[in-house]
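# Coordinate analysis (summary)
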Protein chains: 2
Amino acid sequence: MRAALSSVRSVPIADADALDEIYARALLGSVAEPGDGFLGRAIDVIGAVGAATLLLESASPVDLVEALTNAGGSADLREAESGLGRWSPRLDLGAFGRALEQAARVGARLILPNDAAWPAGVDELGIHAPLGLWIRGREHALDGSSASISLVGARAATGYGEHVTMEASAGLVDRGFTVVSGGAYGIDGMAHRSALASGGTTVAFLAGGVDRFYPMGHEGLLSRIAETGAVVSELPCGAAPTKWRFLQRNRLIAAASEATVVLEAGYRSGSLNTAGHAAALGRPLGAVPGPVTSPASAGCHRLLREYDAICVTDAEQMAELVGGGPRSAASERRSPGSVSESADRGDRGDRGARGAAASPETVRVLDALSTRSPRELSDIARRCGMTPSAVMGVLGGLEAVGHVKRHPFGWLRVARS
Amino acid sequence: MRAALSSVRSVPIADADALDEIYARALLGSVAEPGDGFLGRAIDVIGAVGAATLLLESASPVDLVEALTNAGGSADLREAESGLGRWSPRLDLGAFGRALEQAARVGARLILPNDAAWPAGVDELGIHAPLGLWIRGREHALDGSSASISLVGARAATGYGEHVTMEASAGLVDRGFTVVSGGAYGIDGMAHRSALASGGTTVAFLAGGVDRFYPMGHEGLLSRIAETGAVVSELPCGAAPTKWRFLQRNRLIAAASEATVVLEAGYRSGSLNTAGHAAALGRPLGAVPGPVTSPASAGCHRLLREYDAICVTDAEQMAELVGGGPRSAASERRSPGSVSESADRGDRGDRGARGAAASPETVRVLDALSTRSPRELSDIARRCGMTPSAVMGVLGGLEAVGHVKRHPFGWLRVARS
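Quantities reported herein were computed from a predicted structural model and do not represent experimental measurements. (Residues numbered from 1 in each chain as written. Chains lettered and ligands numbered in written order. Predicted model: local features only at pLDDT ≥ 70, side-chain atom pairs only at ≥ 80, totals over all residues. Heavy atoms only, no water.)

## Some details on the sheet that holds strand β3 (residues 148-152) of chain B
Residue and element names in this part refer to chain B. Here is the rule we go by: Each pair of strands is called paired provided DSSP finds at least two bridges between the two strands. Secondary structure elements are taken from DSSP: a helix is a run of H or I of four residues or more, a strand is a run of E of two residues or more, and numbering for both begins at the N terminus.
Reading across the sheet, the 9 strands line up as β1-β2-β6-β5-β4-β3-β7-β8-β9 and stay open at both edges, with mixed pairing between neighbours. In this open sheet, the two strands that pair with only one neighbour each are β1 (109-111) and β9 (310-311). Two elements, strand β8 (residues 285-287) and β9, share 2 bridges in a ladder whose sense is parallel. Bridging across to β9, alanine 287 finds its partner in cysteine 311.

Laid out in structure tokens, this is it:
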């Protein structure tokens, strides 16, 4: 294999011993579509070099089944036929070499599963994990040294959605988060832009090769992302973004970050696909609500309603999604009773003395007092329907904090300005 | 007792045999604050007539404990002292008679727990259930013959909140619901007004006597409500609305309706108190999201985030809260995977052929086709990374629905206008 690839040695390789592994994964990544589960299983059994060698040697399906079973795995002939039937027609060493040269030209490097820079979270994709990740920019942007969160949403964002995204991304950067997104117009772009403006690290996952920034209108933005953060793809240089690759790219956004937040999304937005991946991986999933009159928020409401997403309204609540705080806060929902005493429906302007923590007895005694007419204990007790001794206990506490005062003819409530 | 009350026989009584029960509950309701749990327990044991008789006979706490224990209940002296200490100072037969006369004057009638018109749901309040309900308007408005739902929210509503409430209330009336609320300014008022405008039945629960409509600015609205629906309170005529009574009134709104929806509410809005009662009673609780930039929606977002309220965005979803449909829809949340294929992040304007139901294979084959350049099967297979036979299967299906067509030189995708 090395001989066949000798022309492309210009691609930067960090570790000479890993040469074969790198080339093998790069080659397999050029023939298989993202998330090819049978290839993932084959690599688990015979390794990437083994799989690539069989492919280069034009192995038959029988050879492949034999190689897999000899190595302790299993495969039936039909899936071996199907696999080789998918990969072999795409094997084109000339094109592969040009893709590697292009990668070298744009400064893209391929990182592999056990590299220190590898985002550990994507390994949870199992046999659907990427074979490697092509990175332009800072290789270690997703090495786990800082918390990461995905901010995703519709391309057709509204001013509201962009405003909330801007605040959220800046607030998350302030809290030390790396902001992950998909580089698209709308919410994604704003998430990246705001993170950059706040001096933070941001990472964009693309659905095509990192040599050509997509969408074209974000070429400048993606270039700036690569200066301090990273632009990442599992596809080789030259690969065009297809709908299928966008869907597969979404699984990487969800898997490479610790939590995913959908900020604005239509009812059928692709962001729901990313959200679905996050949920399937057991990652915390947040959704930002918006006006129910806005179709651009319908997808977020759907996530809240149907997919048990957590309602998040600002960067602080998004940050809580990551780590122990968030999940437990959401699952140990408070007992509904605890909200009762904070009610204030009958408030007539005297909030000051009647804070959220007021006990039922306090509420009733204050109800029975006037700011102008002093009232005797028995009168207050009758008015609030409590015993005089219970009223006296409450009055003592309220007097201590200055909410009521004694008067020659009884008790007065202290007016709050 | 009857002798003492002979002056107030003018109050309309439906059933002469139930006279004592009605007078007893009316009297007890005039001395106890709403939700007095000890009185509720006493009535459970010795009946309302028994409790009222003891009160009228100036029974001592020892007498009360004895009466309760003799009847198979239990009570300690301290709670008996406290109970009588609360009620006795308020016993004023003259005032009671005037309250009944006032009720007769405004056409208010008292309905009791076992009446056909009684809203069965309030019985779930147990010992905190109301002793009776004073009703102005159509007595049977809450008799369970039609589904009921509470629409509540902040007095300080925004145009957004009022708009959503208007649509929701009208939509629920269209679906046969009785709309319950609190008669307040803002969301409550809009819920009532829109229900009336749609020719529906609406019920307002007040925190004071039904002889004086509160707030004053809603006198006209509450009068109109009483024409076709009902204005209801557990307090006797003449009773002023106090903060405590607003909080207790909220439990009736939650208990008398099958589900509660909060449409707009600040972070500490009294509507959260109603929501808390609904949740405590195990009733479905909905919250309408709004812009996270609007403090008037902060309470709704809090309900979604902390109290497991169900996100509802229109009348249809609110209607689903009631009956089997709603709860199960929310608890059997769909598997996140099911959302995946509806994604469309990489869509480039050809939604038509790529509906939400497209399989992964369909997506990939369509990705590999062009609307202008016909492509051969092997070319398509290589482009989408599938075997030719798998591609052919997909093409057959797409041809049948007119999404692709054959061409002398291969296959074309059909352009969707």
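Picking up where we left off.
## Side note on the sheet that holds strand β8 (residues 285-287) of chain A
Residues and elements named next belong to chain A. Put simply, the rule is: We call two residues contacting when some pair of their heavy atoms lies within 4.5 Å. With axes taken as lines fitted to C-alpha atoms, and helix axes fitted only over the stretch in contact, angles between N-to-C directions fall between 0 and 180 degrees.
Within the open sheet, the 9 strands sit side by side as β1-β2-β6-β5-β4-β3-β7-β8-β9. Their pairing is mixed. Whereas interior strands pair on both sides, the edge strands pair on one side only; in this sheet they are β1 (109-111) and β9 (310-311). Strands in contact with helix α6 (residues 159-174) are β3 (148-152) and β4 (178-181); relative to β3, the strand with the most contacts, it is inclined by about 175°. Here helix α10 (residues 271-280) sits on the sheet in contact with β3, β7 (259-262) and β8, set at roughly 150° to β7.

## A closer look at the packing of aromatic side chains
Quick reminder of the rule: Working definition: a ring pair exists when centres of Phe, Tyr or Trp rings (six-membered ring for Trp) sit within 6.5 Å. Plane angles under 30 degrees give stacked, over 60 give edge-to-face, the rest tilted. Any residue under 20% of the maximum accessible area for its type is buried, any over 50% is exposed, and the rest in between are partly exposed; the area is computed with a 1.4 Å probe on protein chains only. A ring is considered to have a charge above it if a Lys NZ or an Arg CZ atom is located within 6 Å of its centre and within 35 degrees of its normal.
Under the definition given, this model contains 4 aromatic pairs over all chains. Consider the rings of Phe38(B) and Trp87(B), whose centres lie 5.8 Å apart with planes at 15°: the pair is stacked. Highlighted residues: Phe38(B) in helix α2 (residues 37-56) and Trp87(B) in helix α4 (residues 77-87), separated in sequence by 49 residues. Under the relative-accessibility criterion, Trp87(B) is labelled buried at 5%. It is Arg302(A) that lies over the ring of Tyr267(A); its NZ or CZ is 4.3 Å from the centre.

## Focus: the nonpolar core
It is characteristic of soluble globular proteins that their nonpolar side chains tend to be buried jointly. Applicable threshold: Here, nonpolar core means buried Ala, Val, Leu, Ile, Met, Phe, Trp, Tyr and Cys residues that are tied together by side-chain atoms lying within 4.5 Å of each other.
Phe205(A), Leu303(A), Phe205(B) and Leu303(B) are the most contacted members of the largest nonpolar core, which has 70 residues in total. In this structure, Ile22(A), Ala24(A), Leu28(A) and Ala80(A) belong to the second largest nonpolar core, which totals 45 residues.

## Points about the packing of helix α2 (residues 37-56) of chain A against helix α4 (residues 77-87) of chain A
A pair of packed helices is characterised by two quantities: the angle between their axes and the separation of those axes. Residue and element names in this part refer to chain A. Which entries qualify depends on this criterion: Note on angle classes: values under 35 degrees are labelled roughly parallel, values over 145 roughly antiparallel, values of 65 to 115 roughly perpendicular, and the remainder oblique. In this scheme, a crossing is called left-handed if the near helix is turned counterclockwise away from the far one by less than a right angle; it is called right-handed if the turn is clockwise.
For the pair α2 and α4, interaxial distance at closest approach is 13 Å and the crossing angle is 55°. Looking at the two axes, α2 sits oblique to α4. The two elements α2 and α4 cross, and the hand of that crossing is right-handed. Counting all contacts with α2, which are made through Phe38, Leu39, Arg41 and Leu55, the residues of α4 involved are Glu79, Ala80, Gly83, Leu84, Arg86 and Trp87.

## Side note on the pairing of β4(A)
Residue and element names in this part refer to chain A. Worth spelling out the cut-off: Crossovers are described as right-handed under a simple rule: with the strands pointing away from the observer, the path leading from the first strand over the helix to the second runs clockwise.
Every second residue of β4 is oriented toward a common face, with Thr178 and Val180 on one face and Val179 and Ser181 on the other, all of them buried. The β-α-β motif built from β3, the intervening α6 and the parallel element β4 has right-handed crossover chirality. For the handedness criterion, the β-α-β arrangement of β4, helix α7 (residues 187-197) and strand β5 (residues 202-205) is classed as right-handed.

## Overview of helix α15 (residues 377-384) of chain A
All names here are of chain A. Every buried residue of α15 is listed here: Asp379, Ile380, Ala381 and Cys384. If you follow the buried residues of α15, they end up packed against α14 (360-367), α16 (388-400) and β11 (410-413). Of the residues trailing α15, glycine 385 is marked for its positive phi of about 70°.

## A few points about the layout of surface pockets
As a reminder, the rule being used: The way it works is a 1 Å grid over only the protein atoms, where trapped points that fit a 1.4 Å probe form a cavity and open points with protein on both sides within 12 Å along at least five of seven lines form a pocket, and then any residue with an atom within 4 Å of a point lines it. Grid points are joined across faces, edges and corners, and a volume is the space filled by probe spheres set on the points. Polar here means any residue other than Ala, Val, Leu, Ile, Met, Phe, Trp, Tyr, Cys and Pro, which are nonpolar, and Asp, Glu, Lys and Arg, which are charged; Gly is therefore polar.
The volume enclosed by the largest pocket comes to roughly 1100 Å³. Every residue lining the largest pocket is counted, 50 residues in all, and those nearest its centre are Arg212(B), Gly238(B), Ala239(B), Ala240(B) and Arg245(B). Elements with a contribution of two residues or more to the lining of the largest pocket: α14 and α15 of chain A together with α1 (19-31), α5 (93-106), α8 (219-228) and α9 (243-256) of chain B. Its residues assigned to classes, the lining of the largest pocket shows 21 nonpolar, 10 polar and 19 charged. Here the second largest pocket defines a volume of roughly 770 Å³. Lining the second largest pocket are 33 residues, and of these Arg90(A), Ala239(A), Ala240(A), Arg245(A) and Arg383(B) lie nearest its centre. Secondary-structure elements contributing two or more residues to the lining of the second largest pocket are α1 (19-31), α5 (93-106) and α9 (243-256) of chain A together with α14 (360-367) and α15 (377-384) of chain B. Of the residues in the lining of the second largest pocket, the class split is 16 nonpolar, 4 polar and 13 charged.

## Some thoughts on α2(A)
Residue and element names in this part refer to chain A. Condition: By definition here, a helix of n residues has an expected span of 1.5 Å times n minus one. Bend is computed residue by residue as the angle between axes fitted to the seven residues ending at the residue and the seven residues starting at it. Whenever a nitrogen or oxygen atom comes within 3.5 Å of another N or O atom, the pair is scored as a polar contact, on the condition that within protein one atom can donate a hydrogen and the other can accept it, and that pairs from neighbouring residues in sequence are kept only if both atoms are in side chains.
End to end, α2 covers just 20 Å across 20 residues, shorter than the expected 28 Å (1.5 Å per residue, more than 12% under). By the largest-angle criterion, isoleucine 46 marks the main kink of α2, which is about 105°. By the burial criterion, the buried members of α2 are Gly37, Phe38, Leu39, Gly40, Ala42, Ile43, Ile46, Ala48, Ala51, Ala52, Leu54 and Leu55. Regarding α2, its N-cap is aspartate 36, as a side-chain oxygen of that residue lies 3.3 Å from the backbone nitrogen of phenylalanine 38 further along. Directly after α2, the chain includes serine 58, whose backbone phi takes a positive value near 50°.

## Some thoughts on the pairing of strand β6 (residues 230-233) of chain B
All names here are of chain B. Burial of β6 is two-sided: the residues Ala230 and Val232 facing one way and the residues Val231 and Ser233 facing the other way are all buried. Where strand β2 (residues 133-137) and β6 come together, 4 bridges link them in antiparallel fashion. Directly across from isoleucine 135, in β6, lies its bridge partner valine 232. Strand direction decides the pairing type here: strand β5 (residues 202-205) and β6, joined by 3 bridges, are parallel. Looking at β6, one finds that alanine 204 is bridged to valine 231. Once the chain exits β5 it traverses α8 before rejoining the sheet at β6, and the crossover so formed is right-handed.

## Thoughts on the environment of Glu162(B)
Residues and elements named next belong to chain B. The topology assignment puts glutamate 162 in helix α6 (residues 159-174). Sequence separation of glutamate 162 and glycine 189 is 27 residues, and the distance between their C-alpha atoms is 9.1 Å. Here glutamate 162 is in contact with Ala157, Gly186, Ile187 and Met190, once residues within four sequence places are set aside.

## Quick word on the packing of α2(A) against helix α3 (residues 61-70) of chain A
Residues and elements named next belong to chain A. For the pair α2 and α3, interaxial distance at closest approach is 10 Å and the crossing angle is 110°. On the basis of their axis angle, the class for α2 and α3 is roughly perpendicular. Every pair of crossing elements has a handedness; the one defined by α2 and α3 is right-handed. Contacts from Phe38, Ala42, Val45, Ile46 and Leu54 in α2 reach Leu64, Ala67 and Leu68 in α3. The class makeup of the residues in the contact of α2 with α3 is 8 nonpolar, no polar and no charged.

## Focus: the pattern of salt bridges
All names here are of chain A. For clarity, the cut-off: We define a salt bridge as a side-chain nitrogen of Lys or Arg found within 4 Å of a carboxyl oxygen belonging to Asp or Glu.
On inspection of all chains with the given rule, the structure shows 26 salt bridges over all chains. Here arginine 283 makes a salt bridge to glutamate 124, at a shortest N to O gap of 3.3 Å. Of this pair, arginine 283 sits in the loop between α10 and β8 while glutamate 124 sits in the loop between β1 and β2 (133-137); the two residues are 159 residues apart in sequence, bridging distant segments of the chain. By relative accessible area, arginine 283 is classed as buried at 10%. Given a relative accessible area of 51%, glutamate 124 falls into the exposed group. Salt bridges linked by common partners bring Glu33, Arg90 and Arg245 together as one network.

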